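Commentary on secondary and tertiary structure
Listed below, chain by chain, are the residues.
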Amino acid sequence: MSQPRQSVLGVQVAQARKVIISGRPILTAIHKTPVAGPVRVAALGLEGDEQADLSVHGGLEKAVYAYPAEHYDFWRAARLEAGVGGIDAALNPGALGENLTLQGLLESEVWVGDVLQFADCTLRVSQPREPCFKFNAAMGFNMAVKTMAQSGFCGFYLSVDAPGTLRAGESFALIPGPRRVGIPERFQAKMFKHMR
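Presented here is an overview of the structure given in this document.

Rules used in this analysis
Residues numbered from 1 in each chain as written. Predicted model: local features only at pLDDT ≥ 70, side-chain atom pairs only at ≥ 80, totals over all residues. Heavy atoms only, no water. Helix = DSSP H or I, 4+ residues; strand = E, 2+ residues; numbered from the N terminus. Rg over C-alpha atoms; globule rule 2.2 N^0.38 Å. Buried < 20%, exposed > 50% of the residue type's maximum accessible area, 1.4 Å probe, protein only. Phe/Tyr/Trp six-rings, centres within 6.5 Å; stacked < 30°, edge-to-face > 60°. Salt bridge = Lys/Arg side-chain N within 4 Å of Asp/Glu carboxyl O. Polar contact = N/O pair within 3.5 Å; in protein donor to acceptor, adjacent residues only side chain to side chain. Contact = heavy atoms within 4.5 Å. Pairing = 2+ DSSP bridges.

The next subject is the overall build of the chain. Regarding its fold elements, the chain presents four helices and 13 strands. For 196 residues, the compact-globule estimate of 2.2 N^0.38 gives 16 Å, and the chain sits close to it at 16 Å. For the chain, the spread of C-alpha atoms along the three principal axes comes to 45 × 40 × 35 Å. When each of the 196 residues of the chain is scored for burial, the buried share is 47%.

With the rule as written, the count across this model stands at seven aromatic pairs. With 4.9 Å between their ring centres and 85 degrees between their planes, Phe74 and Phe153 make a pair best called edge-to-face. Here Phe74, found in helix α1 (residues 72-81), pairs with Phe153, found in the loop between α3 (144-151) and β11 (156-162); they are 79 residues apart in sequence, far enough to count as distant. Looking at Phe74, the relative accessible area reads 31%, which means it is partly exposed. Look at Phe153 and you get partly exposed, because its relative accessible area is 24%. Through a chain of ring-to-ring contacts, the aromatic side chains of Tyr65, Tyr67, Tyr72 and Tyr157 assemble into a single cluster.

Here the focus is the pattern of salt bridges. Going through the model one piece at a time under the given rule, you end up with six salt bridges. Residues Glu109 and Arg5 are paired through a salt bridge, measuring 4.0 Å at the closest nitrogen-oxygen approach. Within this pair, whereas Glu109 is found in the loop between β8 (100-103) and β9 (115-117), its partner Arg5 is found in the segment before β1 (7-13), the two being separated by 104 residues in sequence. With relative accessibility at 29%, the residue Glu109 sits in the partly exposed group. Lys32 is paired through a salt bridge with Asp49; the nearest N and O atoms lie 2.7 Å apart. One end of the pair, Lys32, is in the loop between β3 (24-28) and β4 (33-34); the other, Asp49, is in the loop between β6 (45-46) and β7 (64-68), and 17 residues separate them in sequence. The two residues Lys32 and Asp49 agree in class, both being buried.

The next thing to look at is the side chain of Thr28. When you line up the elements, Thr28 lands in strand β3. A distance of 3.1 Å separates a polar atom in the side chain of Thr28 from the backbone nitrogen of Ile30. Leaving out residues up to four positions away in the same chain, Thr28 has contacts with Gln15, Ala16, Arg17, Val19, Ala52 and Lys134.

A few words now on the sheet that holds strand β5 (residues 39-42). A sheet is described by the order of its strands in space; here three strands give the open sequence β6-β5-β12, paired in antiparallel fashion. Each edge of the sheet is formed by a strand with only one pairing partner; in this case those strands are β6 and β12 (164-166).

Shown next, in the form of structure tokens:
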């Protein structure tokens, strides 16, 4: 049986924990792990998920982070080129810090305000992800943030319009919003602002 065009390949959460980055302890919840069965989705995100730095992650506008599964091969190749491909080479869903690993929906097909309609909840596209230094540590090489900025493979944040539950394997529908600003355009604008 073929997979639906747009589906959830993985649902992942994490509790914030201390890791050593550049020789100092940093609190992070970037290392997401799969959740079995349906997961409750509330206004501030998935049950069991935390954000360590609420100034840049989480909140009503960044409740859930979604990432296209199609980009995983790109990141495997980038890590191999950086000499870290042998370390956790599989890059399982959640490795990029996402709550939802989606199949069939790329950043180029998403606009701020679009709605993802799931069987038991509704999420709205709010903004692209801006990578921070923790992303370099998660990917294992110092150019990961720059690579994300250059590729535009950023994923996108979702706010919760209608709480409910989500599960891996379910399909969803994309309902167009006002279609004024696309995720790639918003991401480029944010990255340009940071690079100045």
